[in-house]
Amino acid sequence: MKKILFLFVCLLISKVSLADNVILMIGDGMGENHLKCASADKAIYIMTLPIKGWVHTHSANNQITDSAASATAYACGEKTNNRMLGKFAGGDDCQTIAEKAVQEGLSVGIYSTDYATGATPSAFFAHVYNRNDRKTIASYKLRAQNVMDIKVPVSKISQEVEAALNKLKNNTKGFFAMFEGALIDTYSHHNKLDKMKEELYDFDLAVKFASDFVRENPDTTLIVLADHETGGLSDECRYTQKSHSGTDVPVYADGKHAELFDGKQDNIEIYKKMYQILFEN
Ligand SMILES: [Zn+2]
């Protein structure tokens, strides 16, 4: 009898520990040299994370992606065309990883310094042909707010992380959280290096808080990446263009399944790995 009880308890524990959390942190436009140039003035925590890999970012219809197609690749696991959000290239709506998480009973949080209907956060709950269709995005957001914790825009992403994660973790089924530092991209479009660095330092602090959470909650995987590079920032820390570039971006990972993100990968594989961690464990 004791043996059976012991087995039952073991089964219960293994069942409970199945709940996995994924924290996806997107530094919009944050290429390798954004990190390197920022680290010249101040140590960058992100660069100390245990796993580093690379992500190819091209979209379905362009070598150089925009944030809409790239965030959709992370959210839905397929390449789509620039400007499209939460839709496959053929035009059908895709189920985002955030929507799937809600369906499976997990908690979901979406936080960004982007404007209210910005492309990156919206890719996780909206389905539109054009990222500038703000009215439709806003209506999707209104509906999604009933089932997800959505805060867009926030003024500093670092100020959101601890409270958000402590709220999301109160779900035995686990959670999916997305945090975005949007202004790294904005300032890179304007070639404003110092302002870009300020935003990157705040994003880096946010990553530090998330990493601390991972230490205390070991069933968590933290993924830090960019959607694309912006500004063609050179090794000498000079911007060479005002637009996005097609260069690969670094991905860093920490926590339980960090090793999955080692090496080179396409942006759609990031979705597949997150899906595996959350739903196929
Ligand atoms: Zn941009």
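Everything below is about the structure shown above.
The structure contained in this document is the topic of the report that follows. All figures in this text were calculated on a predicted structure; none of them were measured in a lab.

1. What about the overall build of the chain?
Argument step 1. Helix and strand content of the chain: ten helices and ten strands.
Argument step 2. A compact globule built from 281 residues should have a C-alpha radius of gyration of about 19 Å, and the chain, at 18 Å, falls within 12% of that.
Argument step 3. For the chain, the residues scored as buried account for 57% of the 281 residues in total.
Argument step 4. Residue pairs in contact within the chain that sit at least 24 positions apart in sequence constitute 73% of those at least 6 positions apart.

2. A word on the packing of helix 2 (residues 32-39) against helix 9 (residues 193-216)
Argument step 1. For the pair helix 2 and helix 9, interaxial distance at closest approach is 10 Å and the crossing angle is 90°. Classified by the angle between their axes, helix 2 and helix 9 sit roughly perpendicular to one another. Residue-level inspection shows His 34, Leu 35, Cys 37 and Ala 38 of helix 2 in contact with helix 9, the latter providing Met 196, Lys 197, Leu 200 and Tyr 201.
Argument step 2. The residue inventory of the contact of helix 2 with helix 9, partitioned by class, reads six nonpolar, one polar and one charged.

3. A closer look at the state of the cysteines
Argument step 1. Scanning the model with the defined rule gives two disulfides in all.
Argument step 2. Two residues share a disulfide in this structure: Cys 37 and Cys 237, whose sulfurs sit 2.1 Å from each other. The chirality of the disulfide connecting Cys 37 with Cys 237 is left-handed, given an S-S dihedral of about -100°. Placement of Cys 37 in helix 2 and of Cys 237 in the loop between strand 7 (229-230) and strand 8 (244-245) is noted, with a sequence separation of 200 residues between them.
Argument step 3. Given the relative accessible area of 1%, Cys 37 is considered buried.
Argument step 4. Residue Cys 237 is classed as partly exposed on the basis of its relative accessible area, which comes to 25%.
Argument step 5. Here Cys 76 is linked by a disulfide to Cys 94, with a sulfur-sulfur distance of 2.1 Å. Between Cys 76 and Cys 94 the disulfide shows an S-S torsion of about 70°. By sign, it is right-handed.

4. So, the environment of Asn 170
Argument step 1. Relative to the elements of secondary structure, Asn 170 occurs in the loop between helix 7 (161-168) and strand 5 (175-181).
Argument step 2. Its relative accessible area of 65% is what places Asn 170 among the exposed residues.

5. Here's the deal with the coordination of the zinc ion
Argument step 1. Bound to the zinc ion on the protein side are Asp 185 (OD), Asp 185 (OD), His 189 (NE2) and His 244 (NE2), at distances that span 2.1 to 2.3 Å.
Argument step 2. Around the zinc ion, the four donor atoms are arranged such that angles at the metal cover 57 to 151°; this shape is classified as irregular.

6. What about the pattern of salt bridges?
Argument step 1. The tally for this structure, following the rule as stated, stands at 13 salt bridges.
Argument step 2. A salt bridge links Lys 197 to Asp 41; the nearest nitrogen and oxygen atoms lie 2.8 Å apart. Remark: Asp 41 occurs in the loop between helix 2 and strand 2 (51-56) and Lys 197 occurs in helix 9; sequence separation between them is 156 residues.
Argument step 3. Between Asp 266 and Lys 79 there is a salt bridge, with the nearest N and O atoms lying 2.6 Å from each other. Linking Asp 266 in strand 10 (residues 263-266) with Lys 79 in the loop between helix 3 (67-76) and helix 4 (97-103), this pair joins segments that are 187 residues apart in sequence. With respect to class, Asp 266 is no different from Lys 79; both count as buried.
Argument step 4. What you see here is one network of salt bridges that share partners, running through Asp 20, Asp 219 and Lys 256.

7. Description of the nonpolar core
Argument step 1. Among the nonpolar cores identified, the biggest contains 81 residues, and Leu 24, Met 25, Ile 46, Phe 124, Phe 176, Phe 179 and Val 224 are the most heavily contacted of them.
Argument step 2. With ten residues, helix 9 is the single largest residue contributor to this core.
Argument step 3. In this structure Val 224 touches Met 25, Met 30, Ile 46, Leu 49, Phe 203, Val 207, Pro 250, Val 251 and Tyr 252, once residues within four positions along its chain are discounted.

8. Some details on the packing of helix 7 against helix 9
Argument step 1. At a minimum axis separation of 9 Å, helix 7 and helix 9 run at an interaxial angle of 30°. On the basis of the axis angle, helix 7 is roughly parallel to helix 9. Where helix 7 crosses over helix 9, the two elements pack in a sense that is right-handed. On helix 9, the residues touching Val 161, Glu 162, Leu 165 and Asn 166 of helix 7 are Ala 206, Phe 209, Ala 210 and Phe 213.
Argument step 2. Its residues assigned to classes, the contact of helix 7 with helix 9 shows six nonpolar, one polar and one charged.

9. Things to note about the pairing of strand 5
Argument step 1. Buried residues dominate strand 5, accounting for seven of its seven residues.
Argument step 2. Covered by surrounding structure in strand 5 are Phe 175, Ala 177, Phe 179 and Gly 181 together with Phe 176, Met 178 and Glu 180, the residues of both alternating faces.
Argument step 3. The pairing of strand 1 (residues 21-27) with strand 5 spans six bridges and is parallel. In the strand pairing of strand 5, Ile 26 is matched with Glu 180.

About the thresholds
- Residues numbered from 1 in each chain as written.
- Predicted model: local features only at pLDDT ≥ 70, side-chain atom pairs only at ≥ 80, totals over all residues.
- Heavy atoms only, no water.
- Helix = DSSP H or I, 4+ residues; strand = E, 2+ residues; numbered from the N terminus.
- Rg over C-alpha atoms; globule rule 2.2 N^0.38 Å.
- Buried < 20%, exposed > 50% of the residue type's maximum accessible area, 1.4 Å probe, protein only.
- Contact = heavy atoms within 4.5 Å.
- Axes fitted to C-alpha atoms, helices over the stretch in contact; angles between N-to-C directions.
- Parallel < 35°, antiparallel > 145°, perpendicular 65-115°, else oblique.
- Nonpolar A, V, L, I, M, F, W, Y, C, P; charged D, E, K, R; others polar.
- Disulfide = S-S within 2.5 Å.
- Donors = N, O, S within 2.8 Å, 3.2 Å for Na, K, Ca; no water.
- Tetrahedral: all angles 85-135°; square planar, octahedral: opposite > 155°, others 65-115°.
- Salt bridge = Lys/Arg side-chain N within 4 Å of Asp/Glu carboxyl O.
- Core = buried A, V, L, I, M, F, W, Y, C linked by side-chain atoms within 4.5 Å.
- Left-handed = near helix turned anticlockwise from the far one by under 90°.
- Pairing = 2+ DSSP bridges.

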